[in-house]
Amino acid sequence: MASHAEIIVEAPCSGVQLIRLNRPQARNALRTALLGEISRALDEAEASTEVNAVVICGSETVFAAGADIKEMAALDAVGLWQDDRPRHWARIRAFPKPLIGAVNGFCLGAGIELAMHCDIIIAGENARFGQPEINLGIIPGAGGTQRLVRAVGKSLAMKMILSGEFIDARSALTAGLVAEVTQPELTLKRALELAATIAGKSPIALRLAKEAILAADETPLSQGLELERKAFLFLAASEDRQEGINAFLERRTPQFKGK
Ligand code: CO8
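Residues numbered from 1 in each chain as written. Predicted model: local features only at pLDDT ≥ 70, side-chain atom pairs only at ≥ 80, totals over all residues. Heavy atoms only, no water.

You can read the domains of the protein chain as domain 1 (7-199) and domain 2 (203-249). Distance from the C-alpha centre of domain 1 to the C-alpha centre of domain 2: 26 Å. Domain 1 puts 10 residues into the contact, and the matching count from domain 2 is seven residues. Both faces considered, domain 1 and domain 2 share a buried interface measuring about 710 Å² in area, 46% of it formed by carbon and sulfur atoms. For the domain 1 face of the interface with domain 2, the top three residues by lost area are Asn52, Pro96 and Arg150, together amounting to 51%. There are three salt bridges connecting domain 1 and domain 2. Between Asp119 and Lys210 there is a salt bridge, with its nearest N and O atoms 2.8 Å apart. Inspection of the domain 1/domain 2 interface yields four residue pairs in polar contact (both at pLDDT 80 or more). By residue class, the composition of the side of domain 1 that touches domain 2 is five nonpolar, one polar and four charged. (Domains from an automatic or database assignment. Contact = heavy atoms within 4.5 Å. Buried area = accessible area lost by both parts, 1.4 Å probe. Salt bridge = Lys/Arg side-chain N within 4 Å of Asp/Glu carboxyl O. Polar contact = N/O pair within 3.5 Å; in protein donor to acceptor, adjacent residues only side chain to side chain. Nonpolar A, V, L, I, M, F, W, Y, C, P; charged D, E, K, R; others polar.)

Spelled out as structure tokens, the structure:
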């Protein structure tokens, strides 16, 4: 694994790669260098046959406090236009393996946008989600206006983005932004457990399932159903499908190979 200054990339365990955001002095503010490190870690995770799922976490009290306001303040419109950030976000978005966010504490601005790039969010009771950009005279810039409305609906997304008010973990659960709420000390453990369960499934089926679910945001129902059908048929040619069915019939645990 390559060395990273602002994230900690742990050795894969049970098919799961853990990426810890590690910039505590700035509350894990996602400056461009940090986003670049996430992007490179995902390149490595994508290429590794040992990794079948990835978990991203922050600390016990902060997932990420947003973009780095000091860094962004120094950029004018041309600087922002030439910025590498959109490329890093696109990389995170295109990561084909399951990506799980373990969120404790503040998850704000670009932080909630990073969490929403995850396929599943597990939140601690102490999680606080917000898009406070309006307080800076700006709006979300890494997909917040689009992903939040899809995650929580129009009224709550409007309230959060127009007022800058935060919501707590329970409200995030009720709204559908997160999948589960746990005690803060168990958030990472639960995310890793869930990731290990997922990592034990067929890598090809996981990849196609993720692709089909994400396509739901981009396509009309008829096209989405067509995509699902094609993916379903494609899987009929995989060894993993045969292994899954055989294992069920033989009452044993399947050994998926991603073939
Ligand atoms: N960017 C840069 N530095 C930050 C950020 C941030 N987003 N958040 C915290 N820090 C720094 C603080 O400046 C402080 O540094 P220093 O010790 O050198 O003064 C250090 O982290 C600790 O911060 P606090 O003392 O505020 O820590 P608390 O634990 O009391 O509070 C909070 C934690 C609630 C997370 C608080 O720090 C906070 O409100 N942060 C900002 C949240 C925010 O507004 N996020 C949205 C950012 S905007 C965004 O994501 C989109 C693009 C932004 C472009 C801006 C162009 C002008």
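It is at 9 Å that the axes of helix 4 (residues 85-93) and helix 5 (residues 110-117) come closest, and there the two elements cross at 30 degrees. The orientation of helix 4 relative to helix 5 falls into the category roughly parallel. The chirality of how helix 4 crosses helix 5 is right-handed. Here helix 4 contributes Arg85, Trp89, Ile92 and Arg93 to the contact with helix 5, which in turn contributes Ala110, Glu113, Leu114 and His117. Classifying every residue of the contact of helix 4 with helix 5 by side-chain character gives four nonpolar, one polar and three charged. (Axes fitted to C-alpha atoms, helices over the stretch in contact; angles between N-to-C directions. Helix = DSSP H or I, 4+ residues; strand = E, 2+ residues; numbered from the N terminus. Parallel < 35°, antiparallel > 145°, perpendicular 65-115°, else oblique. Left-handed = near helix turned anticlockwise from the far one by under 90°.)

Sheet strands pair via backbone hydrogen bonds, and the direction of the pair is either parallel or antiparallel. With mixed pairing, the four strands of this open sheet are ordered in space as 4-6-8-9. Edge positions in the open sheet fall to strand 4 (62-64) and strand 9 (167-168), since each of these has one partner strand only. Summarising the sheet, strand 6 (residues 106-108) and strand 8 (residues 128-130) pair through three bridges and their orientation is parallel. The residue bridging Cys107 from the neighbouring strand is Phe129, located in strand 8. Along the sheet face, helix 5 touches strand 4, strand 6 and strand 8 and points at about 90 degrees away from the line of strand 6. (Pairing = 2+ DSSP bridges.)

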